[in-house]
Amino acid sequence: QVQLVESGGGLVQPGGSLRLSCAPSETIFSIYYTGWYRQAPGKQRELVASITTGGSTNYGDSVKGRFTISTDHAKNTVYLQMNSLKPEDTAVYYCTAALYPAFGASLHTYWGQGTQVTVSS
């Protein structure tokens, strides 16, 4: 069973930066779409950023100009570079991917377990 493994969360001061990474736990055939969502306590999960295989990106309004999503196709890894972090960015960040786990398999959507990002002085 494919899992998405996230890393890079932690505690950072306001104005600081963090980079999150996410990759499948095993070899897969190909990725169609990857994205990052976040959920703060008492709030709904919201889109942070997404990217398609073709390179089209989409960002949540609150992170535009501060966060950048990118992929390393050779490693099947998606990154979220977060700059100018604010306390309101504090949340659990979840990676998601729509991918083909094997040649001939159907497209499936997977979610990571989440990684905590805390922005505080």
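Figured I'd write up the structure that's included with this text. All figures in this text were calculated on a predicted structure; none of them were measured in a lab. (Residues numbered from 1 in each chain as written. Predicted model: local features only at pLDDT ≥ 70, side-chain atom pairs only at ≥ 80, totals over all residues. Heavy atoms only, no water.)

1. Some details on the side chain of T115
Moving on, step 1. Relative to the helices and strands, T115 is located in strand β11 (residues 115-119).
Moving on, step 2. Among the polar contacts listed, one links the side chain of T115 to the backbone nitrogen of G9, at a separation of 3.4 Å.
Moving on, step 3. Among all residues touching T115, those that are not within four sequence positions of it are E6, G9, L20, A91, V92 and Y93. (Helix = DSSP H or I, 4+ residues; strand = E, 2+ residues; numbered from the N terminus. Polar contact = N/O pair within 3.5 Å; in protein donor to acceptor, adjacent residues only side chain to side chain. Contact = heavy atoms within 4.5 Å.)

2. Digging into the packing of aromatic side chains
Moving on, step 1. Throughout the structure, instances matching the rule amount to 2 aromatic pairs.
Moving on, step 2. On the numbers, 5.4 Å between centres and 70° between planes, the contact of F29 with F103 is edge-to-face. With F29 in the loop between β3 (18-24) and β4 (30-39) and F103 in the loop between β9 (91-100) and β10 (108-111), this pair connects stretches of sequence that are 74 residues apart.
Moving on, step 3. Exposure remark for F29: the relative accessible area of 46% places this residue in the partly exposed category.
Moving on, step 4. Residue class for F103 comes out exposed when judged on its relative accessible area of 72%.
Moving on, step 5. Between the NZ or CZ atom of R45 and the centre of the ring of Y94, over which it lies, the distance is 3.8 Å. (Phe/Tyr/Trp six-rings, centres within 6.5 Å; stacked < 30°, edge-to-face > 60°. Buried < 20%, exposed > 50% of the residue type's maximum accessible area, 1.4 Å probe, protein only. Lys NZ or Arg CZ within 6 Å of the ring centre and 35° of its normal.)

3. A closer look at the environment of S17
Moving on, step 1. Position of S17 relative to the elements: it lies in the loop between β2 (10-12) and β3.
Moving on, step 2. Separated by 79 residues in the primary sequence, S17 and T96 have C-alpha atoms spaced 21 Å apart.
Moving on, step 3. Once residues within four sequence positions are removed from consideration, S17 is found in contact with V12, Q81, M82, N83, S84 and L85.
Moving on, step 4. A distance of 2.9 Å separates the side chain of S17 from the side chain of N83, its partner in a polar contact.

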